[in-house]
Protein chains: 2
Amino acid sequence: MCSLPVPREPLRRVAVTGGTHGNEMSGVHLVRHWLQAPGELRRPSFAAMPVLANPAAAATCRRYVGCDLNRAFTSSFLSAKASPDDPYEVTRARELDQLLGPKASGGAFDLVLDLHNTTANVGTCLIAETAHQVFVMHLCCHLQLQTPELPCRVLLYRWQGEESYNVGSVAKNSLGLELGPQPQGVLRADVFARMRALVASTLDFVELFNQGAAFPAFEMEAYRNLGGVDFPRTADGDLAGTVHPRLQDRDFEPLQPGAPIFQLFSGEDVCYEGESTVYPIFINEAAYYEKGVAFIRTEKFTFSVPALPALAPTPTLVP
Amino acid sequence: MCSLPVPREPLRRVAVTGGTHGNEMSGVHLVRHWLQAPGELRRPSFAAMPVLANPAAAATCRRYVGCDLNRAFTSSFLSAKASPDDPYEVTRARELDQLLGPKASGGAFDLVLDLHNTTANVGTCLIAETAHQVFVMHLCCHLQLQTPELPCRVLLYRWQGEESYNVGSVAKNSLGLELGPQPQGVLRADVFARMRALVASTLDFVELFNQGAAFPAFEMEAYRNLGGVDFPRTADGDLAGTVHPRLQDRDFEPLQPGAPIFQLFSGEDVCYEGESTVYPIFINEAAYYEKGVAFIRTEKFTFSVPALPALAPTPTLVP
């Protein structure tokens, strides 16, 4: 497996973005708190910057105002000429690209950590683009080791050849933290504390790396996006049923061909017609109804992550 | 306790309203289904009418478009001269008052059943205005008897002397079904099925009454609204903490003075300073953040409900 280059310098430009979706409350309120009390994001070698990614959406407690910010970081949006007709989020994506990028440039931030919630029962899910990001895979491994009693799964969301489009993609390295279940617009103390601990562990890992730690190669288990499955619908596009009780809340559990996935309002079951076992995630996520996604199928696989070498010692100036 | 008059005639004009809040999905989708397949709402002596109460809000999956429809049925809104500046929901309240009322008139519907969801862990909650509504209290008792294994609590929401303001208040009798927990914008099959069964049992009870059944007096336990408690907030009005993990999901359980109710982001607990035990409900309901309500305090009490006499037999015409 080809790997992307690992950092050769300490990571000093780190951002934590919350409220990319304005009704995912853990990130919104963590970032608002850190903007008042930034000390929690400091480590000896760097200070992470809290960023409220979509302030207009957060102010009205909606996912977005004009369009989904976390799909707006494509080169076509970022490079197009600004127009007064641009949706708010397209303008905001360009601002964030200036602040945290520019995307794919040497001046981009070293790491962006983006905070999300879902109504689905995913527990703790770490969302990375691809398995090739060695530094990010080591960060995931570190986070998994912090809470061995809780499952902490890694999802690789980007399809081969597809352009990256989310807020983290403007930085050199990025990871999304996706915690659930939590309703939109609700701030649960347990989920808030779990996210806060994950951010602290991330900053600790960066500090370890910056201080010269090396990390050995390992085997990583992860889930790969195979695409969404829509709800059953009427000819008019209305829902004709919803997620089956036997699938609801079973994110990351194996789904066998023939197992029920939907219950129609008329009473019948709809069964899964795939040919092999998949691992559904984002089951019954509120924000995905409008995207035509009742759940996302994934496959589980294992791959090798090469060692993350220690940074070369900083040359000491001869007095 | 004074009682309101009981029906002297069969209840033939019955409506089931869903989507009064457009992101409470059980009611939205039950009503959409029944509009296509109304047979489920028919009984020998009547056919209940399904009504999508707030179609504009349901279309965009929001609680409301302009203002909360379920607070818009006051005489000042209903009787004011229509203006192009009226919020959508004020106009819609007048339409529903014409359809199901007019409020406090002899021509009003006999019964409105209004379907709601909450993100709070209330289980099945039956919301009535006051204990004086004898017919509605008997309906609540009937619903409680259908599922003795599940708690099914009765909440009396209206303060003494306060004007009624919700959609059901335009009818002669009304009951709200409040089922949770369910995130806004999510349709859970288990909650959907529970609500559907409650509506069927309601229609069965009306049919029993219409067919001449009498119902004996009984003692009812209920919860009475004592008012809301806001989140801890910063000087700017932002949240400074959220519901304590020891209170979260404990709707209808006793809260003792001195018990923790909030956890501040700074780490400290805030304890309940009331003088007596209360029963919090709507704990961490998403829609109440903007109303400044983290939970509603209630007190539990018991009262006597008089018998519901059988309808007088319809006079037979002498041939």
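Just above sits the structure.
Rules used in this analysis
Residues numbered from 1 in each chain as written. Chains lettered and ligands numbered in written order. Predicted model: local features only at pLDDT ≥ 70, side-chain atom pairs only at ≥ 80, totals over all residues. Heavy atoms only, no water. Helix = DSSP H or I, 4+ residues; strand = E, 2+ residues; numbered from the N terminus. Rg over C-alpha atoms; globule rule 2.2 N^0.38 Å. Buried < 20%, exposed > 50% of the residue type's maximum accessible area, 1.4 Å probe, protein only. Contact = heavy atoms within 4.5 Å. Areas by Shrake-Rupley, 256 points an atom, 1.4 Å probe, with all protein chains shown as cover. Least-squares fit on C-alpha atoms with pLDDT ≥ 70 in both. Pairing = 2+ DSSP bridges. Phe/Tyr/Trp six-rings, centres within 6.5 Å; stacked < 30°, edge-to-face > 60°. Salt bridge = Lys/Arg side-chain N within 4 Å of Asp/Glu carboxyl O. Axes fitted to C-alpha atoms, helices over the stretch in contact; angles between N-to-C directions. Parallel < 35°, antiparallel > 145°, perpendicular 65-115°, else oblique. Left-handed = near helix turned anticlockwise from the far one by under 90°. Expected span 1.5 Å × (residues − 1). Buried area = accessible area lost by both parts, 1.4 Å probe. Polar contact = N/O pair within 3.5 Å; in protein donor to acceptor, adjacent residues only side chain to side chain. Nonpolar A, V, L, I, M, F, W, Y, C, P; charged D, E, K, R; others polar.

Visitor: I'd love a proper account of the overall build of chain A, names of residues and values included.
Guide: Scanning chain A for helices and strands turns up six helices and 13 strands. For 319 residues, the compact-globule estimate of 2.2 N^0.38 gives 20 Å, and chain A sits close to it at 20 Å. Dimensions of chain A along its principal axes, counting C-alpha atoms only, are 85 × 50 × 40 Å. A burial count over chain A gives 56% of its 319 residues as buried. Expressed as a percentage of contacts within chain A between residues at least 6 apart in sequence, the contacts between residues at least 24 apart total 75%. If you sum the accessible surface of chain A, you get close to 13400 Å²; carbon and sulfur atoms cover 54% of it.

Visitor: Outline the relation of the copies chain B and chain A, supporting the account with residue identities and numerical values.
Guide: Note on the identical chains: chain B maps onto chain A by a rotation of 180° and an axial translation of 0.0 Å, with an RMSD of 0.0 Å. Viewed as a symmetry operation, the transformation between the two copies matches a two-fold axis. For chain B, the minimum C-alpha distance to the rotation axis belongs to P183 of chain B and amounts to 2.3 Å. Taken together, the interface assignments show that 100% of the residues at the interface of chain B recur at the interface of chain A, consistent with an identical surface on both copies.

Visitor: Help me get a handle on the pairing of strand β11 (residues 260-264) of chain B, residues and values and all.
Guide: All names here are of chain B. With four of its five residues buried, β11 lies for the most part within the structure. By the bridge criterion, three bridges tie strand β10 (residues 241-243) to β11 in an arrangement that is antiparallel. Bridge pairing links T242 to Q263 in β11. The pairing of β11 with strand β12 (residues 269-271) spans three bridges and is classified as antiparallel.

Visitor: Account for the packing of aromatic side chains, naming residues and giving values.
Guide: All names here are of chain B. Applying the stated rule across the entire model yields 24 aromatic pairs over all chains. When the ring of F205 is compared with that of F215, the centres are 4.8 Å apart and the planes differ by 45°; the resulting orientation is tilted. Taken together, the positions of F205 in helix α6 (residues 189-210) and F215 in the loop between α6 and β9 (218-229) put the pair ten residues apart, joining distant regions of the chain. Of the two residues examined, F205 and F215, each falls in the buried class.

Visitor: How would you explain the pattern of salt bridges if you had to name every residue and give the values?
Guide: What the rule picks out here adds up to 26 salt bridges over all chains. Among the salt bridges present, the one from K172 of chain B reaches D110 of chain B, with a minimum N-O distance of 3.8 Å. Placement of K172 of chain B in the loop between β7 (152-156) and β8 (174-180) and of D110 of chain B in the loop between α4 (88-100) and β5 (111-117) is noted, with a sequence separation of 62 residues between them. Taking relative accessible area as the criterion, K172 of chain B reaches 42% and is therefore assigned partly exposed. A salt bridge links R158 of chain B to E129 of chain B; the nearest nitrogen and oxygen atoms lie 2.7 Å apart. Of this pair, R158 of chain B sits in the loop between β7 and β8 while E129 of chain B sits in the loop between β6 (123-128) and α5 (134-146), and the two are 29 residues apart along the sequence. On the accessibility criterion, E129 of chain B (8% relative accessible area) is buried. Because the salt bridges share partners, they merge into one network encompassing E24, R63, D68 and K291 of chain A.

Visitor: So what's going on with the packing of helix α1 (residues 25-36) of chain A against helix α6 (residues 189-210) of chain A? Residues and values would help.
Guide: All names here are of chain A. Contact geometry for α1 and α6: axes closest at 10 Å, N-to-C directions at 60°. Classified by the angle between their axes, α1 and α6 sit oblique to one another. In this structure, α1 crosses over α6, and the sense of that crossing is right-handed. Contact with α1, carried on its side by S26, G27, H29, L30, H33 and W34, involves V191, F192, M195, R196 and V199 of α6 and no other residues of that element.

Visitor: Go over the side chain of T118 of chain B with me, naming the residues and quoting the values.
Guide: Mapping T118 of chain B onto the fold places it in the loop between β5 and β6. If we skip the residues at most four places from it in the chain, T118 of chain B touches E178, L179, G180, P181, Q182, F282 and E285 of chain B.

Visitor: Before we move on, can you summarise α1 of chain A with the specific residues and values?
Guide: Residues and elements named next belong to chain A. Here α1 contains twelve residues, and its C-alpha end-to-end distance of 17 Å stays within 8% of the 16 Å for a straight helix at 1.5 Å per residue. With nine of twelve residues buried, α1 lies mostly within the body of the structure. Considered for burial, the residues of α1 that qualify are M25, S26, G27, V28, H29, L30, V31, H33 and W34. Each element contacted by the buried residues of α1 is listed here: β1 (14-18), β4 (49-52), α2 (55-59), β5 (111-117) and α6.

Visitor: Hey, could you go over the interface of chain B and chain A for me, with residue numbers and the actual values?
Guide: Across the contact, 28 residues belong to chain B and 28 residues belong to chain A. Taking both partners together, chain B and chain A bury about 2300 Å²; carbon and sulfur atoms supply 60% of that area. Ranking the residues of chain B by area buried against chain A places L187, A189 and F265 of chain B at the top, with a combined share of 25%. Put simply, chain B and chain A have two salt bridges between them. We note a salt bridge from D249 of chain A to R188 of chain B, for which the minimum N-O separation is 2.9 Å. Taken together, chain B and chain A are joined by ten residue pairs in polar contact (both at pLDDT 80 or more). Of all the elements in the fold, those that place two or more residues in the side of chain B that touches chain A are α1 (25-36), α6 and β10 of chain B.

Visitor: Describe the packing of helix α5 (residues 134-146) of chain A against α6 of chain A, listing the residues and the values that go with them.
Guide: Residues and elements named next belong to chain A. Where α5 meets α6, the axes come as close as 10 Å, and the angle between the chain directions of the two elements is 125°. Considering their axes alone, α5 and α6 lie oblique with respect to each other. For the element pair α5 and α6, the recorded crossing hand is right-handed. Facing F135, H138, L139, H142, L143 and Q146 of α5, the residues of α6 in contact are L198, S201, T202, F205, V206, L208 and F209. Tallied by class, the residues present in the contact of α5 with α6 amount to eight nonpolar, five polar and no charged.

Visitor: For the environment of E9 of chain B, give the residues involved together with the corresponding values.
Guide: All names here are of chain B. Residue position: E9 is located in the segment before β1 (14-18). Each C-alpha atom, one on E9 and one on G212, is 9.9 Å from the other, the two residues being 203 residues apart in sequence. Setting aside anything within four residues of it in sequence, one finds E9 in contact with F209 and L311.

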